[in-house]
There are 4 protein chains.
Amino acid sequence: MVERVFQTMREIVSFITRAIDEIDREQVARMIDLLVDVYRKNGRSKILVMGAGRSGLVGRAFAMRLLHLGYNVYVLGDTIVPRIGERDVVIAISGSGSTKLIVTAAEAAKKVGAKIIAITSYPDSPLGRLADIVVRIPGRTKISRGEEDYFARQILGIHEQLVPLGTLFEDTAMIFLDGVVAELMHRLGKTEEDLRAMHANIEL
Amino acid sequence: MVERVFQTMREIVSFITRAIDEIDREQVARMIDLLVDVYRKNGRSKILVMGAGRSGLVGRAFAMRLLHLGYNVYVLGDTIVPRIGERDVVIAISGSGSTKLIVTAAEAAKKVGAKIIAITSYPDSPLGRLADIVVRIPGRTKISRGEEDYFARQILGIHEQLVPLGTLFEDTAMIFLDGVVAELMHRLGKTEEDLRAMHANIEL
Amino acid sequence: MVERVFQTMREIVSFITRAIDEIDREQVARMIDLLVDVYRKNGRSKILVMGAGRSGLVGRAFAMRLLHLGYNVYVLGDTIVPRIGERDVVIAISGSGSTKLIVTAAEAAKKVGAKIIAITSYPDSPLGRLADIVVRIPGRTKISRGEEDYFARQILGIHEQLVPLGTLFEDTAMIFLDGVVAELMHRLGKTEEDLRAMHANIEL
Amino acid sequence: MVERVFQTMREIVSFITRAIDEIDREQVARMIDLLVDVYRKNGRSKILVMGAGRSGLVGRAFAMRLLHLGYNVYVLGDTIVPRIGERDVVIAISGSGSTKLIVTAAEAAKKVGAKIIAITSYPDSPLGRLADIVVRIPGRTKISRGEEDYFARQILGIHEQLVPLGTLFEDTAMIFLDGVVAELMHRLGKTEEDLRAMHANIEL
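Note that the structure is predicted; figures quoted are calculated from it, not measured. (Residues numbered from 1 in each chain as written. Chains lettered and ligands numbered in written order. Predicted model: local features only at pLDDT ≥ 70, side-chain atom pairs only at ≥ 80, totals over all residues. Heavy atoms only, no water.)

## Description of the interface of chain B and chain A
- Taken together, the contacts link 66 residues of chain B with 66 residues of chain A.
- For the pair chain B and chain A, the two sides together bury roughly 5,800 Å², of which 67% comes from carbon and sulfur.
- Viewed at the interface, chain A and chain B are joined by 8 salt bridges.
- Arg4 of chain A is the partner of Glu183 of chain B in a salt bridge, and the nearest nitrogen-oxygen pair spans 3.4 Å. (Contact = heavy atoms within 4.5 Å. Buried area = accessible area lost by both parts, 1.4 Å probe. Salt bridge = Lys/Arg side-chain N within 4 Å of Asp/Glu carboxyl O.)

Written out as structure tokens, the structure reads:
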């Protein structure tokens, strides 16, 4: 009766498994190095995470872990967002790389000298082109484009009716960023206990 | 250099794959039936999604898709949260099932007669016990408990240092709820195009 | 010792008192008529409130009251923001009328045919010019401009060190919009009891 | 036609004017001293602002100014909320002083040793009783209580139909906290230019 729920979960998991091999190690290494560097300068450098819609939620989930790791981190859309400058890093998440308000915000950040890390399916998008580091995460995005659709539909056999709109990008990005957390824990010498000690004790 | 990122992604994906078999089909069928029923009564019934921290973000991602499916849906923590009553449904997400403020809010909802769907690793938790429908999603949660840890650590071989705190629950819940979306699309006769037509056209 | 707190409160109150006479009755009447009309079409028309920073918070406070009055109302920045169209109304709040992301969002709304109500100190700003109805609320805004400063500083004798940045605009807009609520209660035949009956019963 | 809008504004302004004399200077002085002390320990002490509904929005508006003043400040309900401890200060805003989730959160904060400043109409409420510093701000609150109503209705002649629910408390608290900002600017030696320099340069 509800096997479609689990079939879809398997399709997503299968997509992510294949996506793992598609992600450019070189760009990920640059992203990790930059984040480690920010940590070393803590108190002077901060991170601003931004994304619209479900991509924004994926960004927020990552931002929470950065907080637990000890970063000065902020999220665009929160009440508290400090001024950013040239010592700061922006992490912008957008499947299409074309979400207008995110591109506008990333441009403003670049103008003041912040470093931009883009997480997107389209390195050649407006967001991808202005970023200093681009990690391409496969995924069909809201606005379908030829080749990417081929990747998603033909090779992986994912059907539109199971994973609508940006679902594959968002789920893959979520799990990729949890992978980044593991690497940062290792590089910064943090244990789970350290993260727990930074977790909010008053939570709504 | 950064292989830990991808090793972690594989561990998470492996965990989710095994979790698929653990999820109780009967409870999922009841959840889907209730949500289909709410849709049929649209305009009179609404859904309120709630969760704290990263679980709250997973709930928000699901709530956005419910909006795209045509539901009257709200998120606790948004500015706009209407009064709820006996015709309404609350979806509460908490790995431990013990997050104080979520339990408090779910109790308040139950008191006014709303139906409660709990997504949790612990059916025997305060949240699980008060819910009408409980979907157990495996996952180690913030407060480790014996048996569950065994599931996570021994059987699945997931190491604390790779997936800290509620990560496994949150990622599994995210993908489970995307599976629920696929089933709802089918049951409500919605295509991806229908969802796109409901997607926000002004997005921050 | 702390008399400056109360002196400032008196200055703000004095500013608002004088501002009351400055607000264009004709534009306010058009705003009220449009909002009454939206209410009559409830279920088919909705309201989207938007503003950045503290102006956004003033907008959210107004949006909550619109919810209590029975409107279908949404706030840009909430998780749940539906697609808007030509039957909908946008209320955009910006002291300067130049906040880039609000202007961008209002332009997008205008493009799909929504009616725009602007609450701003500058009718001749980008936001003011694109709006269908503009209610000018006096106030010094972030980017000082000659004449307005004269109004704020010379006539009213408000000192920069007491009410920095957009404070006067924000406080005046907050109380103006509470005035609009009173008028809407009257026009829609709502009592305080009706509003209380719509107030959230589960609140974070 | 719309004179009720302006009559209401005058009623609110008149209420605030009288409220100015009601506020206890001693408690305000203690609040300011504590906030100045937190500033001196910046980097080690932080502020967490909390409130539900419109009171929460008033708190957020104050939190933004604390950010502009150079504080480490956070808002309950934002994505980014760090763990708090005994060196930290909580500012809790609730007209009734009985909002369940705020009382619960304030209790949790007290338990870890944080100092609590309550802004409420009811010093003898659960929130008022647990706070270290209580600033009473007059206002009718959601749940009417005899004497306070007398203050609001008879002495001030404010009519229920003009300022429903917590309106008077919220507006008075907003302007009171803007008065606190002026005093803090003076005590910390900050100019408007200093605040502008801390204002977000990327704003949604």
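## Focus: the packing of aromatic side chains
- Tallied over the entire structure, the rule returns 4 aromatic pairs over all chains.
- Taking the centre distance of 5.4 Å and the plane angle of 70° together, the rings of Tyr39 of chain A and Tyr71 of chain A count as edge-to-face. One end of the pair, Tyr39 of chain A, is in helix 2 (residues 25-40); the other, Tyr71 of chain A, is in the loop between helix 3 (53-68) and strand 2 (73-75), with 32 residues separating them in the sequence.
- Relative accessible area serves as the criterion here: at 3%, Tyr71 of chain A is assigned to the buried category.
- The ring of Phe6 of chain B has Arg25 of chain A lying over it, and the distance from NZ or CZ to the ring centre is 3.4 Å. (Phe/Tyr/Trp six-rings, centres within 6.5 Å; stacked < 30°, edge-to-face > 60°. Helix = DSSP H or I, 4+ residues; strand = E, 2+ residues; numbered from the N terminus. Buried < 20%, exposed > 50% of the residue type's maximum accessible area, 1.4 Å probe, protein only. Lys NZ or Arg CZ within 6 Å of the ring centre and 35° of its normal.)

## Considering the pairing of strand 3 (residues 89-93) of chain A
Residue and element names in this part refer to chain A.
- Counted residue by residue, strand 3 has 5 buried out of 5 residues, so it is predominantly covered.
- What you see with strand 3 is no split at all: Val89, Ile91 and Ile93 on one side and Val90 and Ala92 on the other are buried throughout.
- One ladder, built from 5 bridges, connects strand 3 with strand 4 (residues 115-120); its direction is parallel. Across the sheet, the residue bridging to Val89 is Lys115, located in strand 4.
- On the question of chirality, the crossover connecting strand 3 to the parallel strand 4 by way of helix 4 (residues 100-111) is right-handed. (Pairing = 2+ DSSP bridges. Right-handed = clockwise from strand over helix to strand, strands pointing away.)

## Some remarks on helix 4 (residues 100-111) of chain B
- Its 12 residues give helix 4 of chain B an end-to-end C-alpha distance of 17 Å, which sits within 8% of 16 Å, the value for a rise of 1.5 Å per residue.
- Immediately downstream of helix 4 of chain B, the backbone of Gly113 of chain B shows phi near 95°, a positive value. (Expected span 1.5 Å × (residues − 1).)

## Some points on the relation of the copies chain D and chain A
- Screw-axis analysis of chain D against chain A gives a translation of 0.0 Å along the axis, an RMSD of 0.0 Å, and a rotation angle of 180°. A rotation of that kind, with that shift, is consistent with a two-fold axis. When C-alpha distances to the rotation axis are compared across chain D, the minimum falls at Asp78 of chain D, with a value of 2.7 Å.
- When you check the interface residues of chain D against chain A, 100% turn up at the interface there too, and the contact is symmetric in its surfaces. (Least-squares fit on C-alpha atoms with pLDDT ≥ 70 in both.)

## A look at the sheet that holds strand 2 (residues 73-75) of chain C
Residue and element names in this part refer to chain C.
- Read from one edge to the other, the open sheet built from 5 strands follows the order 2-1-3-4-5, with strand pairing classed as parallel. Pairing within the sheet leaves two strands with one partner each, and these edge strands are strand 2 and strand 5 (133-136). Strand-to-strand, the axes of this sheet are offset by a mean angle of 15°, without reference to chain direction.
- In terms of strand pairing, strand 1 (residues 47-51) meets strand 3 (residues 89-93) through 5 bridges, oriented parallel. (Axes fitted to C-alpha atoms, helices over the stretch in contact; angles between N-to-C directions.)

## Observations concerning the environment of Leu162 of chain A
- Residue position: Leu162 of chain A is located in the loop between helix 6 (146-155) and helix 7 (167-188).
- In this structure Leu162 of chain A comes out as buried when scored by relative accessible area, which is 4%.
- Between the alpha carbons of Leu162 of chain A and Arg65 of chain A there is a distance of 29 Å; along the sequence they are 97 residues apart.
- With near-sequence residues (within four places) excluded, Leu162 of chain A lies in contact with Arg4, Gln7, Thr8 and Glu11 of chain A together with Asp178 and Ala182 of chain B.

## Comments concerning the nonpolar core
- Phe176 of chain A, Phe176 of chain B, Phe176 of chain C together with Phe176 of chain D are the most contacted members of the largest nonpolar core, which has 320 residues in total.
- Once you skip the residues sitting within four places of it in the chain, Phe176 of chain D turns out to touch Val5 and Met9 of chain C together with Ile23, Val28, Met31, Ile119, Val135 and Ile137 of chain D. (Core = buried A, V, L, I, M, F, W, Y, C linked by side-chain atoms within 4.5 Å.)

## As for the side chain of Asp88 of chain D
All names here are of chain D.
- Examined against the element boundaries, Asp88 turns out to sit in the loop between strand 2 (73-75) and strand 3 (89-93).
- Only 2.8 Å separates the side chain of Asp88 from the backbone nitrogen of Gly85, close enough to count as a polar contact.
- With sequence-adjacent residues up to four places away left out, Asp88 is seen in contact with Arg44, Ser45, Lys46, Arg83, Ala114 and Lys115. (Polar contact = N/O pair within 3.5 Å; in protein donor to acceptor, adjacent residues only side chain to side chain.)

## Considerations on the environment of Ile12 of chain C
- Take Ile12 of chain C: it is sitting in helix 1 (residues 3-22).
- Each C-alpha atom, one on Ile12 of chain C and one on Leu162 of chain C, is 9.1 Å from the other, the two residues being 150 residues apart in sequence.
- Residues within four places of Ile12 of chain C in sequence aside, it is in contact with Val163, Thr167, Leu168 and Asp171 of chain C together with Ile175 and Asp178 of chain D.

## Some thoughts on the relation of the copies chain B and chain A
- Each copy of the sequence occupies a distinct position, and chain B is placed on chain A by a rotation of 180° and an axial shift of 0.0 Å, giving an RMSD of 0.0 Å.
- Interface overlap between copies is the fraction of interface residues in one copy that are interface residues in the other; for chain B against chain A it reaches 100%, indicating a shared surface.

## What to know about helix 2 (residues 25-40) of chain C
- Between its first and last C-alpha atoms helix 2 of chain C spans 23 Å; for 16 residues at 1.5 Å apiece the expected length is 22 Å, and the two agree.
- Listing the buried residues of helix 2 of chain C in full gives Gln27, Val28, Ala29, Met31, Ile32, Leu34, Leu35, Val36, Val38 and Tyr39 of chain C.

## A few points about the side chain of Glu183 of chain D
- Residue placement: Glu183 of chain D occurs in helix 7 (residues 167-188).
- Judged by its relative accessible area of 1%, Glu183 of chain D is buried.
- One polar contact links Glu183 of chain D to Arg4 of chain C, side chain to side chain, over a distance of 3.4 Å.

## Digging into the interface of chain D and chain A
- With 30 residues of chain D at the interface, the matching set in chain A holds 30 residues.
- For the pairing of chain D and chain A, the buried interface totals around 2,600 Å² over both sides, and the portion due to carbon and sulfur atoms is 64%.
- The interface formed by chain D and chain A includes 0 salt bridges.
- Between chain D and chain A we count 14 residue pairs in polar contact (both at pLDDT 80 or more) in total.
- Within the residue set of the side of chain D that touches chain A, elements represented by two or more residues are strand 1 (47-51), helix 3 (53-68), strand 2, helix 4 (100-111) and helix 8 (192-198) of chain D.
- Among the elements that line the side of chain D that touches chain A, the one with the most residues is helix 3 of chain D, at 4 residues.
- Its residues assigned to classes, the side of chain D that touches chain A shows 22 nonpolar, 4 polar and 4 charged. (Nonpolar A, V, L, I, M, F, W, Y, C, P; charged D, E, K, R; others polar.)

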